Structure formats: C-alpha cells, structure tokens
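# Architecture at a glance
Residues per chain are reported as follows:
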Amino acid sequence: MALRLKREARSVLAPVARKDLEAVREDLQRDGMAIWDFTDVKNENPEFSFERFAEQVPSMVLGDACLATLAPTEIRMKISDDGTAEAVTLAASAEAKTHNKYGTASSAKQNKTTNQTLDPLHLDGTKVYGYQMPDFIFLVCERPCSNGGGANFAVEAEAVLASIRADPSEAWVADALFSTPVQMLYFSVTSTGQGRWVGPLAVRLPDGRLLLQCPNVFDAVEPRVRPVEDSQDPTKDQAMIDVFAKHMRQAMNKAARFHMSANQVLCVDNLGTSHGREPYEDLQRTLWRVWTWSSQSNGLPEGVEAGASRKRDCEV
Ligand SMILES: O=C(O)CCC(=O)C(=O)O
Ligand SMILES: [Fe+2]
C-alpha cells in the first residue's frame, strides 16, 4: 500500500469510528488520525486476545507499508505501595514481570504525569529515537473509563505552523523553527530516564510531511526547550520558543476531545500530529500501544530491525 499523507491544516480533529478498514485508511491519510471499530473481528474469534490483536493491527491497517513494529505495551495505571499512581506497562509474560524498566513511581513523579494529570500534547518515541520516532502509533482500547475522563485529543503540525504564520508579528517564527537548532529535553511516563536532542523544532520530510517536535512546553517546572549553548542570539531563540509554546498551548486547549470505546483502535500519524489525553480516575482503563515505522518514516533508528520486534516500547 502506498501511503498518501498530504493533508490540509486543520485544528479540530475528532475521528469517527469506522468498521471498514478502507475507510480507516482514508481517514488516517487525510486527517492523520482514524478510529477502527474491530468489534466484528473480536466477535468472530473466540480465542481473541487484545495483546495478540494489537500486534497485528499495524500491518492490517498499513499493509505492506508497515516496515517495523515493537511489541504491544499495556497502558494502565495502578496505585503503588507508597500511594502514588504509576504506569503499569506490565505484559503477560514472566520475562516482562521481572523487567525493571517499566514505568516507576519515580519516573511518574519526575514526569509529573499520572492518570490524574493531563498528558499534554506529545509525539511518542522522541525521547529514545529523536527525529526517527515511529511514524505511526496504534492505541487499542480494551477497556475505557467507566465514568468519563481519559478523553484523547490531537493536533495537526500543519495547523500549528499555519496559526503561527497567520500572525504578522510572529510569522518569522514559522521559518525560524526550521533553521534554528534548540536543545530538547524529554521524559516519558512509561519508561525511566530522559532524552536530550539538539536540532530544529520543525523538519519537512521528503514526502512533504511536517515533523513538529513536541517537548513538554506546557507546564513543565524546568524548561524542556532551550536555546543551544553556543547560540548566536539566545534572546531571539527564546522568543521563538515562547511563540511556539504559546501556539502549542492554544492548539491543545482548542483541540476536540473524544473517547474511544472498547474494541476500538486509535490510529495516529505520530509524525504529522501530536496527541494527548485528559485526566481520569478509573484505574481499569486499559489500552495497548504499538509503535510502528512505515515506508514513509524518517528511517529505522538504530536498534529497530525491519519486521516485528519482541521488544516492547517500554523496554527501549
Ligand atoms: O492514555 C492514553 O490515552 C494515551 C497515552 C499516550 O499517549 C501514551 O502512552 O503515549
Ligand atoms: Fe502518546
């Protein structure tokens, strides 16, 4: 399948659940986001397992454009012994249970993201892979919140760039984002450690897709985007970062909120859109996340082989 990923800049994205895979592909290519309702697949299969199904979703949706996937990671929160919420990215295997790199209370604290806080706009995988993040992610909903909360939202990179360009006093930033390297600092809720990358906030890929990096510019105590140490003009670079942050914040606040139901999978162009989720209370909420590199990704990063890896994204 050849992906056609050129899109209009739209600031309000709210996907409609589709049962037909062809309609899902169309939505995904046009809007950078789609929801597939796979109830029929589940009902036809008495042995159905969400984890096994999640493994197959990328090639079902992307066909032969799917180059590489990591194994599904369970997205669920639990309350740890010290009373703090932490990510349980715990898989079924004994091997996974002994792995010590799943989300920990300390990484949740460091990151300040729990089920009770907003998970602000982000791209998945930038902490570890920088500009070679997975270009598609799939969030398979096993169990939504029983009492509301946990809505998802997404913003198109093109829409943010267009809104910056539309303000005559800030339009210079739309160009500067492509040519000004900055330092970016990343934390992740589902793994430990942090990632530091230096480069521009905006990159145009050969297929025309706009990659807009999205470090936490929202409420982080410590700035997550800074001028580079040897900047020629740190004041100007900081002004660019401030305008970028303001527009990202506005886009996040304006973005449509939507809820996935059980047996639906949210398919996201993780390069052309950023996504986030609202706080929630119900700790039974369970999703399976799959990171995927397509033939139109920005290349396979070191350590990611073509095909289906047994490694989960929380293990990288
Ligand atoms: O919990 C969600 O709905 C989304 C989680 C997410 O974006 C992530 O784990 O990267
Ligand atoms: Fe995410």
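For clarity, every value in this text was computed on a predicted model and none was experimentally measured.

### Examining the coordination of the iron ion (ligand 2)
Protein coordination at the iron ion (ligand 2): the donors are H122 (NE2), D124 (OD) and H275 (NE2), at 2.1 Å from the metal. Expressed as a motif, the donor residue spacing for the iron ion (ligand 2) is H-x1-D-x150-H. For the pair H122 and D124, a shared accessibility class is recorded, and that class is buried.

### Quick word on the nonpolar core
Grouped together as the largest cluster of nonpolar side chains are 37 residues, with contacts concentrated most on L121, L177, L201, M240 and M248. Within the residue set of this core, elements represented by two or more residues are β9 (152-156), α7 (157-165), α8 (171-179), β10 (182-187), β13 (210-212) and α9 (234-254). Here this core gets eight residues from one element, more than from any other, and that element is α9. If we ignore the near neighbours within four places in the chain, the residues touching L121 are F153, V155, C214, F218, M248, M252, S274, H275 and G276. If you look at the next biggest cluster of nonpolar residues, it comprises 24 residues, including F38, F50, W288 and V290.

### Concerning the site of ligand 1
Taken together, the neighbourhood of ligand 1 is formed by I75, D119, H122, D124, N152, H275, R277, R285, L287 and R289. Side-chain polar atom of D124 to an oxygen atom of ligand 1: 3.0 Å apart, as the coordinates give it. Contacts to ligand 1 include R289, whose side-chain N or O atom sits 2.6 Å from an oxygen atom. Relative to its free-state accessible area of 290 Å², ligand 1 is covered by the protein chains to the extent of 95%. Elements with a minimum of two residues in the shell around ligand 1: β7 (119-122), β16 (273-277) and β17 (286-294). Split by residue class, the shell around ligand 1 holds two nonpolar, three polar and five charged.

### Thoughts on the packing of aromatic side chains
Tallying each qualifying case throughout the model produces nine aromatic pairs. With a centroid separation of 5.7 Å and 45 degrees between ring planes, the pair formed by W36 and F53 is classed as tilted. You can see W36 sitting in strand β2 (residues 33-37) and its partner F53 sitting in helix α3 (residues 50-62), a full 17 residues away along the chain. Note on W36: relative accessible area 3%, which makes it buried. Pairing F38 with F48 gives two aromatic rings, centres 6.0 Å apart and planes at 20 degrees, and the pair type is stacked. Here F48 lies in the loop between α2 (39-44) and α3 and F38 lies in the loop between β2 and α2, a separation of ten residues in the sequence. Residue classification places F38 among the buried positions, given a relative accessible area of 0%. Following the ring pairs from residue to residue traces out a cluster consisting of W36, F38, F48, F50 and F53. R257 extends its terminal NZ or CZ atom over the ring of F153, reaching a point 4.0 Å from the ring centre. Over the ring of Y280 we find R285; its NZ or CZ atom is 4.7 Å from the centre of that ring.

Calculation criteria
- Counting from 1, residues in each chain are numbered in the order their sequence is written.
- All chains are assigned letters beginning at A, and all ligands numbers beginning at 1, according to the order in which they are written.
- With the structure being a predicted model, the display of local features is reserved for residues of pLDDT at least 70 and the display and counting of side-chain atom pairs for 80 or more, all residues being used for whole-chain, interface and lining totals.
- Excluding hydrogens and water, the side-chain values take into account all heavy atoms of the structure.
- The donor set covers N, O and S atoms within 2.8 Å of the metal, switching to 3.2 Å for Na, K and Ca, and it leaves out water, so a site may look short of donors.
- Categorising residues by exposure relies on relative accessible area from a 1.4 Å probe, with only protein chains included: less than 20% of the type maximum marks a residue as buried, more than 50% marks it as exposed, and the intermediate range marks it as partly exposed.
- The definition of a nonpolar core used throughout is a set of buried Ala, Val, Leu, Ile, Met, Phe, Trp, Tyr and Cys residues joined through side-chain atoms within 4.5 Å.
- Counting from the N terminus, the helices are DSSP H or I runs at least four residues long and the strands are E runs at least two residues long.
- Here, residues are in contact when the closest pair of their heavy atoms is within 4.5 Å.
- We call a residue near a molecule or strand whenever a single non-hydrogen atom of that residue lies within 4 Å of it.
- Polar contacts here mean pairs of N or O atoms no more than 3.5 Å apart (in protein, one a potential hydrogen donor and the other a potential acceptor; neighbouring residues in sequence count only if both atoms are side-chain atoms).
- Calculation of accessible area relied on Shrake-Rupley with a 1.4 Å probe; when residues are assessed, cover is drawn exclusively from the protein chains displayed.
- Under this grouping Gly is polar, as are all residues other than the nonpolar Ala, Val, Leu, Ile, Met, Phe, Trp, Tyr, Cys and Pro and the charged Asp, Glu, Lys and Arg.
- Each pair of aromatic rings taken from Phe, Tyr and Trp, with Trp reduced to its six-membered ring, is defined by centres within 6.5 Å and is described as stacked if the planes are under 30 degrees apart, edge-to-face if over 60, and tilted in the remaining cases.
- A ring is considered to have a charge above it if a Lys NZ or an Arg CZ atom is located within 6 Å of its centre and within 35 degrees of its normal.

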